[in-house]
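# Inside the fold
Letter by letter, the chains look like this.
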Amino acid sequence: MMHWLNISHIVEATEAEGPGLRFVIWVQGCLKRCKGCCNGELLKIKPAHLMRSNEIIQLLKNATEKYPLEGLTFLGGEPFLQAEGLADIAEAAHNLNLSVMVFSGYEYTELSENKFSGSKRLLNSTDLLIDGEFDNTQIETTRNWVGSTNQKFHYLTNRYSDEIETQELSVTNEWRVDSCNNIQSNGLPIKFYPY
């Protein structure tokens, strides 16, 4: 069964949202209100781009033919509010031998309690979960991809180890300009860097 998803945007290939080259999906909507959230425009629960999970799976398959993808990353918004549909995509990613990385404002123990429909399926298809609310009083300056020191990496499979947390990255931010001169950026906001 395929599920509907409320998607803010998708980037077919980026090096700024996890290890290696990744297909990235930002979902629209979050119940958390972390002060200083770097994706504040994604918090409101409102229709953005409604897509079926099988449509996104096809986009993912097409991207694997164009790019040497290592994995898939889910960001938000809050991915676990749409866990059923994202689980469809995560399972397809594993079938394509891609890793799955998920960012959530909820802690792993909350997610494993199955508070959200589909959370168990999504966790079962996740290699790396980064959990915890962003806390702007605890800015992270050492580990990759996280904004605050309270956020935790959970290695749910043996695909990755904690070495990735501090490995040197060649790309931390990316900018894209479309044919209408609209600029889209992704990666860790520059305000988080101490230099």
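Residues numbered from 1 in each chain as written. Predicted model: local features only at pLDDT ≥ 70, side-chain atom pairs only at ≥ 80, totals over all residues. Heavy atoms only, no water.

### A closer look at the packing of aromatic side chains
- The tally for this structure, following the rule as stated, stands at two aromatic pairs.
- A centroid spacing of 6.3 Å and a plane angle of 20° characterise the contact between phenylalanine 153 and tyrosine 155, whose relative ring orientation is stacked.
- Among the residues examined, phenylalanine 153 registers a relative accessible area of 11% and is labelled buried.
- Taking the relative accessible area as the measure of exposure, tyrosine 155 reaches 26% and is therefore partly exposed. (Phe/Tyr/Trp six-rings, centres within 6.5 Å; stacked < 30°, edge-to-face > 60°. Buried < 20%, exposed > 50% of the residue type's maximum accessible area, 1.4 Å probe, protein only.)

### Things to note about the sheet that holds strand S3 (residues 49-52)
- One open sheet accounts for seven strands, arranged S3-S1-S2-S4-S5-S6-S7; its pairing is mixed. Every interior strand has two partners, whereas the edge strands, S3 and strand S7 (152-155), have only one. Neighbouring strand axes in the sheet, compared pairwise and without regard to direction, differ in orientation by 30° on average.
- Sheet topology note: the strand S2 (residues 22-27)/strand S4 (residues 71-75) ladder contains five bridges and is parallel. Residue pairing across strands places valine 24 opposite threonine 73, the latter belonging to S4.
- Across the sheet, helix H1 (residues 53-66) touches strand S1 (4-14), S2 and S3, and the angle it forms with S3 is around 85°.
- Sheet strands in contact with helix H2 (residues 83-95) are S1, S2, S4 and strand S5 (99-104), and its direction is about 165° off that of S4. (Pairing = 2+ DSSP bridges. Helix = DSSP H or I, 4+ residues; strand = E, 2+ residues; numbered from the N terminus. Axes fitted to C-alpha atoms, helices over the stretch in contact; angles between N-to-C directions. Contact = heavy atoms within 4.5 Å.)

### What to know about the side chain of serine 8
- Mapped onto the secondary structure, serine 8 falls in strand S1.
- At 2.9 Å, the side chain of serine 8 and the side chain of histidine 9 are in polar contact. (Polar contact = N/O pair within 3.5 Å; in protein donor to acceptor, adjacent residues only side chain to side chain.)

### Thoughts on the confidence of the model for the protein chain
- With 77% of its residues at a pLDDT of at least 70, the protein chain reaches an overall mean of 83.
- Across residues 190-195, where pLDDT falls below 50, the model places 13 contacts with residues more than four positions away in sequence or in other chains. (pLDDT = per-residue confidence, 0-100.)

### Quick word on the environment of histidine 49
- Looking at the element boundaries, histidine 49 is found in strand S3.
- When its relative accessible area of 48% is taken as the criterion, histidine 49 is described as partly exposed.
- In the structure, histidine 49 is positioned 21 residues away from glutamine 28 in sequence and 8.5 Å away in space, judged by C-alpha atoms.
- Histidine 49 has contacts with Leu5, Asn6, Ile7 and Ser8, leaving out every residue within four places of it along the chain.

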